[in-house]
Structure formats: structure tokens, C-alpha cells
Amino acid sequence: MRFGIQLFPSYTAPELVSFTKRALSQFPFDTVWLPDHLSYENIFVSLAALVAQTDAHVGTSVAHPFGRTPVDLAASFATLSHLAGERGITVGLGTGAATSNMIRKLRRVATVREMVVFLRELFAGSKTSFAAFPNLTEFFRLDPAAQAVLHLPPAKPPEIFVAAGGPELLRLAGELGDGLILSNFSFPTALIRQGALEFALAKVEEGRRRQTSARPFTKVLHLHVSVARDGARAKRFSKRIASITLVESRFSHERVRQLGFPAERAAAIQHAFNQGINVNEMEPLVADRLIEESGIVIAGT
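Residues numbered from 1 in each chain as written. Predicted model: local features only at pLDDT ≥ 70, side-chain atom pairs only at ≥ 80, totals over all residues. Heavy atoms only, no water.

Trainee: Please explain the packing of aromatic side chains as it appears in this structure.
Mentor: Aromatic ring pairs are reported here in terms of the distance separating the ring centres and the angle at which the planes meet. Per the counting criterion, the structure on display carries 10 aromatic pairs. Note on Tyr11 and Phe19: the rings are 5.0 Å apart at their centroids and 90° apart in plane angle, and the pair reads as edge-to-face. The class of Phe19 is partly exposed, set by a relative accessible area of 34%. (Phe/Tyr/Trp six-rings, centres within 6.5 Å; stacked < 30°, edge-to-face > 60°. Buried < 20%, exposed > 50% of the residue type's maximum accessible area, 1.4 Å probe, protein only.)

Trainee: Could you clarify how one ought to interpret the sheet that holds strand E4 (residues 89-93) in this entry?
Mentor: Where strands meet in a sheet, backbone hydrogen bonds hold them as pairs that are either parallel or antiparallel. Sheet architecture is open: seven strands sit in the order E1-E2-E3-E4-E7-E8-E9, paired in parallel fashion. Among the strands making up the open sheet, the edge pair consists of strand E1 (5-6) and strand E9 (218-222). Pairing of strand E3 (residues 58-60) with E4, which is carried by two bridges, proceeds in the parallel orientation. If you follow Val58 over to E4, its bridge partner there is Ile89. Seen against the sheet, helix H6 (residues 167-176) touches strand E7 (159-163) and strand E8 (179-183) and runs at an angle of roughly 150° to E8. (Pairing = 2+ DSSP bridges. Helix = DSSP H or I, 4+ residues; strand = E, 2+ residues; numbered from the N terminus. Contact = heavy atoms within 4.5 Å. Axes fitted to C-alpha atoms, helices over the stretch in contact; angles between N-to-C directions.)

Trainee: Would you take a moment to explain the nonpolar core for this structure?
Mentor: For soluble globular proteins, the rule of thumb is that nonpolar side chains tend to be buried together. Phe77, Phe118 and Leu119 are the most contacted members of the largest nonpolar core, which totals 53 residues. In this view, Phe77 contacts Phe44, Thr60, Ala63, Ile89, Val91, Leu119 and Phe123; residues no more than four positions away in its chain are not counted. Listed in part, the 11 residues of the second largest apolar core include Ile241, Ala242, Val286 and Ile296. (Core = buried A, V, L, I, M, F, W, Y, C linked by side-chain atoms within 4.5 Å.)

Trainee: Would you mind going over H6 with me for this structure?
Mentor: Residues spaced three or four apart along an α-helix face the same direction, because each turn holds 3.6 residues. Most of H6 sits out of view: eight of its 10 residues are buried. For H6, the set of buried residues is Leu169, Leu170, Arg171, Leu172, Ala173, Gly174, Glu175 and Leu176. Tucked inside the fold, the buried residues of H6 contact helix H4 (108-123), E7, E8 and helix H8 (196-208).

Trainee: I keep staring at the packing of H6 against H8 and nothing clicks. Help me out?
Mentor: Relative placement of two packed helices is described by the angle separating their axes and the distance separating the axes. One can describe the packing of H6 onto H8 by two numbers: an axis separation of 6 Å at closest approach and a directional angle of 45°. Considering their axes alone, H6 and H8 lie oblique with respect to each other. In this structure, the crossing between H6 and H8 has a hand that is right-handed. Here H6 contributes Pro167, Leu170, Arg171, Gly174 and Glu175 to the contact with H8, which in turn contributes Phe199, Ala200, Lys203, Val204, Glu206, Gly207 and Arg208. Residue classes in the contact of H6 with H8 are distributed as five nonpolar, two polar and five charged. (Parallel < 35°, antiparallel > 145°, perpendicular 65-115°, else oblique. Left-handed = near helix turned anticlockwise from the far one by under 90°. Nonpolar A, V, L, I, M, F, W, Y, C, P; charged D, E, K, R; others polar.)

This is the structure:
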């Protein structure tokens, strides 16, 4: 078992570097992860700063295929890989957080599938036609007759981990991914007690059986934790993060019901988000009991 740490991007790149140095001085974390939230600083610039100023192995948790053209995304990962050298990097790819839902994400699973295959081909130094990727080509208005190539592919092709919550992406992770990223945002403790994790891993195994060649597979579980000397303060902060999980159908109505969270309260959070309300202001909408019983965020002293 290996341990990594994820930093939330609501800080500047210099601050993230400082936090990373402090974290690594206290524990040799295997990977430092950053999520790709479009409304904060550019994730690749921040990760480049971490690579340049620390000894960290870095990864995206997660990037998504809707905010950057396929070649731009591939080139960004390749540049980061060159900077990292022998340390390498890890590509975490999914459909993106609610903060990127300003983009109309069409055919999400199919687009993630195509991006995984596209990245693999370009990382390997291959030239590929956009015609082989109809969803990406349509979404970004690319010329299907054109070809894509990285003239400076990474010397060490990064592993690609797929972040998944639903059955289709879970199968996709098993079939095409080098690893799987699960989160207690999508699989909180309350649902794990009801068998959600066993269901998820069974879907991953279905995908693994579709593989044309066996390869090592890593399972990553991201536990979102809010800790402070003042336990009440930690819990208040956790409510802001928990509110994000209830936005943009991260949980189906059935899952919200299973968590014991009133549907009307979830609707109020969704409405606040649609109105551009900051998560800090959504704190009163999340009850203490949801944090204590659900396990969406683990909070305390």
C-alpha cells in the first residue's frame, strides 16, 4: 500500500509548492495530486512548479477531455513528463468536476474513452488521424482528415488512471486504464457499508476481462479529509467541500436518498451553484449529520 496526498487548488502555485515541501518533509508521499478546476490556476503550470521545486512524483486527479484540445492536452502531459524525468508523472483522467460544467460535455464516457486511446498513441510517438476519434473531432471541430503527432513525445509514457463513479466508466477504467481512481465523494462510507465498493470493483473486473493484453493495474482511493486543531472549524470547512458532491448529479436522486439527505436541500444547493454562489456560502445548507454519518468528507481534530 502506498500513500499520496491531494492538494486543493484554491491556493497560488507558490503556496502549493510550500505546502508540498512541508508535506514531504513529514512523510514520503508517493504522489502529489492536483485536481483540474478551470476557475483556479492552470493545473499544468502549478504541477510544473511542483516538479521543478520539489522531488514529488505528480499526477492529475483529475484532468478531463473537454477543456483542452486533444493535442494540447497530450503536449501538456508530455512537457510535464520531460520536466519530471525519471520520476515520471501519472495522468488521472475523468469527466471533470462540477466546476468544469460551464462546458457542455457531450457523450462523456465515449469522449473519455477516445481521449485515453488518443493520449496513449501520441505518448508512444505514433501519428494518428482525427477520423479515428469522432467524438473528439466533433466536440473540438477538428478536421477529420488531419493527423496528430507529438514531435517530442515523453521518453517515459505516463500511466493513465481513470476516475470513475458510474458503471460505464468503471468498466472503461478496467478495460483501458493502468489504474482506477475512486473517491469518497462518489463512494462515501455510508454507501460503502451498503455494498457500493463491491459493486464498483465488480464492474472494473468486467472491463479487465475485455483487455487485449494483461498489464499491472493500480487502485487509488482518494479520501477527502478536513483536519484542524479546532474540530468545529474542520467540520465547517468540510461542509463546503461536501456541497460540491451534491452539485451537477454527482449523486443520483437515489444515492442522495440513501445518504439520508433531503432532496429539497440537494436541490437548494444545486440552485445556489447555478446562481454562481461560492461554496463557502453553501455551508449553512449542509447539516452536521450529513458529514458525521455519510463519510463524504472525514472531518475532525
